[in-house]
Amino acid sequence: MMLTQREREIIALLRRDPLSGPQAIADALGTTRAAVNVHLSNLGKKGAILGRGYILREENAVVVVGGANVDVKVRSLAPVRQRTSNPGRAGTTAGGVGRNIAENLARLGTPTHLIAAVGRDPAGERLLAETAAAGVRLDHVHRSAHPTGTYTAVLDADGDLVVAVADMAATEALAPEDLHPARELIAHADMLVLDGNLPAGVLAHAMDVAHTADVPVVMDPVSAPKAALLAPLLTARRPLLALTPNLDELRALLGHPVGDSEVEVTAAAATLHARGVRHVWVRLGARGSVLSTAGGDAMFLTAPPAEVADVTGAGDAMLAAFVHALLAGGEPLDAARYGHAAAALTVASPATVRPDLTPRLIEDTLTDPLTKPTGPAAETAPTAPDAAASSGDLTDPLTKPTGPDAETGTTAPTAPNGPDAAASSGDLTNASAQPSRTV
């Protein structure tokens, strides 16, 4: 961390007594209170102290930059009749890929900051309150002139998606200059996680800040169309620690067809290694995933079994757990297994972010892989209507998974109604290809 000598002296005093006030610090250093206030302000800008009370920056802190929105699921009680009113049930939850990842990280105990765009409206206030309650730091959330983003899905009685509408104007309007107040925070993070929902200019700016400060970057492409837009950013000049595409996103990143065999997936990953990506973690749905590391072997991971309640958000949990394990010192392969277990636990819950997710719960799942993860008690999980189960052909599990999709990395022996292909997709033009993507 690039601190001045005086700033280091102040940090040392705060480590001994975090409740020290400016005057006490000034007396200890033989300087003035005004000078100390200037130094404290600079330490806050650099991310060395957080908010009021001079809370020191935690070790293994993660900054997540991505989307935050309200998810609304509406489900008809009978087959939908077009152009008329249909009785049904509705549920509203906090959502957004970046926000979901941040909440999962916080629930796992990783100090996490979220940078996202939220409107100055009641929906934004509720979204921030729920996210803060989960332990996510929100000091650098951008308050947009646009309304807080929403993702609304209308589901048939059997859970099939009828139509969905995503209003992500606040996220789409985010500009590189909106990240300037958080430059020092990003530069002093232990890891930066980026959500492919962001405009390309914002992604490039965040990657450049991280690269200059040697901060490792992990990116989720989110959807095939968005992967195609971020593909030009993947160069050796902007190296990534890890990229986590599914098969469709892998094709979009490369701009050409990629077969579903492990050999072809591994060859495709090698191309991304040459473009500066150290770990390429390709999610292959019910079959599992392939983790390819530059200069090393590609490893295939099977998906753990799970009782499927709702696959929405499982991929976000998978990435968050992967990052959490890496920061704890785990090897990439072990971190990927940790991610698979978190995904299995999440699809077993009706909540987008499982409210009782803990490292102990994941570790118990890993030590007893034959036990299907089950959901938390009904009183701990927010209610929301189920979305549709993705249809699939088990003879081709890589392209047509049954139950969880290419995002979740879980095996579902039986697949009750889970989210439809588009219930969490960031791209509505090809909803069936992305069953569990969240916007």
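Just above sits the structure.
Residues numbered from 1 in each chain as written. Predicted model: local features only at pLDDT ≥ 70, side-chain atom pairs only at ≥ 80, totals over all residues. Heavy atoms only, no water.

(A) Examining the sheet that holds strand 6 (residues 112-115) more closely. In space, the 8 strands of this open sheet follow the order 6-3-11-12-13-14-15-16, with mixed pairing throughout. Strands with a single pairing partner mark the edges of an open sheet, and in this sheet they are strand 6 and strand 16 (298-301). For this sheet, the mean angle separating the axes of adjacent strands, direction not counted, is 15°. Two strands pair when backbone bridges link them, and strand 12 (residues 217-220) and strand 13 (residues 240-243) are joined in this way by 2 bridges, in the parallel orientation. Bridge pairing in strand 13 links Val218 to Ala242. Its contacts with the sheet place helix 8 (residues 200-212) against strand 11 (191-195), strand 12 and strand 13, and it is angled at close to 170° to strand 11. (Pairing = 2+ DSSP bridges. Helix = DSSP H or I, 4+ residues; strand = E, 2+ residues; numbered from the N terminus. Axes fitted to C-alpha atoms, helices over the stretch in contact; angles between N-to-C directions. Contact = heavy atoms within 4.5 Å.)

(B) Region of interest: the environment of Ala328. Of note, Ala328 is situated in the loop between helix 12 (314-327) and helix 13 (332-347). Through-space distance from the C-alpha of Ala328 to that of Asn60 is 7.8 Å; in sequence the pair is 268 residues apart.

(C) Broad picture of unusual backbone geometry. Located in the positive-phi region is Asp214, a residue other than glycine, with phi close to 60°. Relative accessible area serves as the criterion here: at 67%, Asp214 is assigned to the exposed category. Backbone geometry at Val222 places phi at a positive 80°, although glycine is not the residue there. Position of Val222 relative to the elements: it lies in the loop between strand 12 and helix 9 (224-230). Judged by relative accessible area, Val222 falls into the buried class, the value being 1%. (Buried < 20%, exposed > 50% of the residue type's maximum accessible area, 1.4 Å probe, protein only.)

(D) A look at the nonpolar core. Residues Val323 and Ile362 are the most contacted members of the largest nonpolar core, which totals 54 residues. Broken down by element, the residue count for this core peaks at 11 residues, all from helix 12. Setting aside anything within four residues of it in sequence, one finds Ile362 in contact with Leu108, Ala321, Tyr338, Ala341, Ala342, Leu345 and Leu357. Ranked by size, the runner-up nonpolar core spans 47 residues in total, among them Leu198, Ala204, Ala210 and Ala224. (Core = buried A, V, L, I, M, F, W, Y, C linked by side-chain atoms within 4.5 Å.)

(E) How the structure looks around the packing of helix 10 (residues 247-254) against helix 11 (residues 262-274). Contact geometry of helix 10 with helix 11 gives a least axis separation of 11 Å together with a crossing angle of 45°. By the criterion of interaxial angle, the relationship of helix 10 to helix 11 is oblique. For the element pair helix 10 and helix 11, the recorded crossing hand is left-handed. Along its contact with helix 10, which presents Leu247, Leu250, Leu253 and Leu254, the element helix 11 presents Val265, Ala268, Thr271 and Leu272. Looking at the contact of helix 10 with helix 11 residue by residue, the classes come out as 7 nonpolar, 1 polar and no charged. (Parallel < 35°, antiparallel > 145°, perpendicular 65-115°, else oblique. Left-handed = near helix turned anticlockwise from the far one by under 90°. Nonpolar A, V, L, I, M, F, W, Y, C, P; charged D, E, K, R; others polar.)

(F) Broad picture of helix 2 (residues 22-29). Restricting attention to buried positions, one finds in helix 2 the residues Pro22, Ile25, Ala26 and Leu29. The buried residues of helix 2 occupy an angular sector of 100° when projected down its axis, which confines them to one face. Away from the buried face of helix 2 by more than 90 degrees, exposed residues Asp27 and Ala28 are located. Buried residues along helix 2 sit in contact with helix 1 (5-16) and helix 3 (33-45). Where helix 2 terminates, the next one or two residues include Gly30, which has phi positive at roughly 70°. (Arc of directions from axis to C-beta.)

(G) Looking closely at a nonpolar patch on the surface. Taken together, the side chains of Val162, Val163 and Val165 define a hydrophobic patch exposed on the protein surface, amounting to about 230 Å² of accessible area. You can see Val162 is positioned in strand 10 (residues 161-167). (Patch = residues over 30% accessible without salt bridge, like charges linked within 9 Å, V, L, I, M, F, W, Y side chains within 5 Å. Areas by Shrake-Rupley, 256 points an atom, 1.4 Å probe, with all protein chains shown as cover. Salt bridge = Lys/Arg side-chain N within 4 Å of Asp/Glu carboxyl O.)

(H) Highlighting the sheet that holds strand 10. The mixed open sheet is built from 4 strands, whose spatial order is 5-4-9-10. Either end of the sheet is taken by a strand with one partner, and the two such strands are strand 5 (88-95) and strand 10. Strand after strand, the sheet turns through a mean of 10° between neighbouring axes, direction not considered. As paired strands, strand 9 (residues 149-155) and strand 10 are joined by 6 bridges and run antiparallel to one another. The partner of Thr152 across the bridge, within strand 10, is Val165. With respect to the sheet, helix 5 (residues 122-133) is in contact with strand 4 (69-76) and strand 5, its orientation differing from that of strand 5 by roughly 65°.

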